[in-house]
Amino acid sequence: MAFSFALSAQEKKSWRDSTYSDIYLDTVQIQKKFIINDYTLVGFNYGAQGNRILFSPPRNQVTMINPVYFGVTYTKYGKMFGYMPYFGLQAGLFYGKEGYRFKTDKETGITSDLEGATEAVMEVVEVPLLAEFHLDAARFRFIIDAGIYGGYRLNIERTGPTVAPEIQNSFRDFDIKLDYGLKGGIGVGLLFDPIEFHLKAHVKYGWSSLYQPDYYSQYYYRYAYPFDICVTAGVHFQLTKRTGKTKKDLRKAAYENVFGSTNNNQ
């Protein structure tokens, strides 16, 4: 006498899960593909800055080189529309400097000054928020990013032969401490999972003048906007898997290789 019976979908799933363990599924060979996952990074960056101020009316100056610029970043990479793995968002906290140094006229030997100061340096903390576009190969990445930043001018040091002692290391009432503007740049990365090395060059264009525009005259406004070039080298640590399928994905693929699509077997 022959007997026949049918298993429900739940019973089929229970039988499969009990018959093929995770250890067995880990041994099933799955064809490898270069797949970029959604993943996150934390990075530690150090570099240098070239500082200038865009004055209006314009003033002759030279670029100041400040070799102290560092910060930490958090980057989240994801897929646009669920399948384009070229985009990311990055937030950071950086310490750097802004400032100016006026140029001496070769013919007259006269150096311009601002309230007696021929040079000024300000320490600044900034928080950049950038959108990032990246193209990846197995061990290389090309990066373009752009966004905004906000910051705060912590202190100032003015130098010059006629600068008043009371403002040498102090902000004046009409000086502006709040800093904000645009930031963007390009970079490259060397990828040795789970560590990445990024080299970047950024331009910062401040939208917050160093002082109130009418401080000198209510009829003739004056502006001074920071313009900085920042070069950094960073070490970034992957918090999640960058490429290839995760262990969960591999087990799912092995399960489907053994049984076919789950939807087709219920």
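Now for a look at the structure at hand. Here the residue numbers are simple positions, counted from 1 along each chain's written sequence. pLDDT decides what is reported in this predicted model: residues at 70 or higher carry local features, side-chain atom pairs at 80 or more are listed and counted, and totals for whole chains, interfaces and linings draw on all residues regardless. The side-chain figures draw on all heavy atoms in the structure; neither hydrogens nor water molecules are used.

As a further point, take unusual backbone geometry. A negative phi holds for most residues other than glycine; trans holds for most peptide bonds. Proline 57 follows serine 56 through a cis peptide bond whose omega is 0 degrees. The step from aspartate 193 to proline 194 runs through a cis peptide bond, and the omega angle for that step is 10 degrees. Think of it this way: any DSSP run of H or I at least four residues long counts as a helix, any run of E at least two long counts as a strand, and we number them from the N terminus. Counting through the fold element by element, proline 194 comes out in the loop between β7 (178-192) and β8 (195-206). In this structure, glutamate 115 is a non-glycine residue whose phi angle is positive, near 55 degrees. Looking at the element boundaries, glutamate 115 is found in the loop between β4 (84-102) and β5 (119-136). The exposure class of glutamate 115 is partly exposed, given its relative accessible area of 36%. Burial classes: relative accessible area under 20% of the type maximum marks a residue as buried, over 50% as exposed, and values in between as partly exposed (1.4 Å probe, protein chains only).

Let us now look at the packing of aromatic side chains. Aromatic rings from Phe, Tyr and Trp, with only the six-membered ring used for Trp, were paired whenever their centres fell within 6.5 Å, and each pair was classed as stacked if the ring planes differed by under 30 degrees, edge-to-face if by over 60, and tilted otherwise. Enumeration according to the criterion identifies 16 aromatic pairs in this entry. Look at tyrosine 69 and phenylalanine 94: their rings are 5.1 Å apart centre to centre, the planes differ by 20 degrees, and that puts the pair in the stacked class. Within this pair, whereas tyrosine 69 is found in strand β3 (residues 64-80), its partner phenylalanine 94 is found in strand β4, the two being separated by 25 residues in sequence. The exposure classification of tyrosine 69 matches that of phenylalanine 94, with both residues buried. With centroids separated by 6.1 Å and ring planes inclined at 65 degrees, the aromatic side chains of tyrosine 215 and tyrosine 216 adopt a geometry described as edge-to-face.

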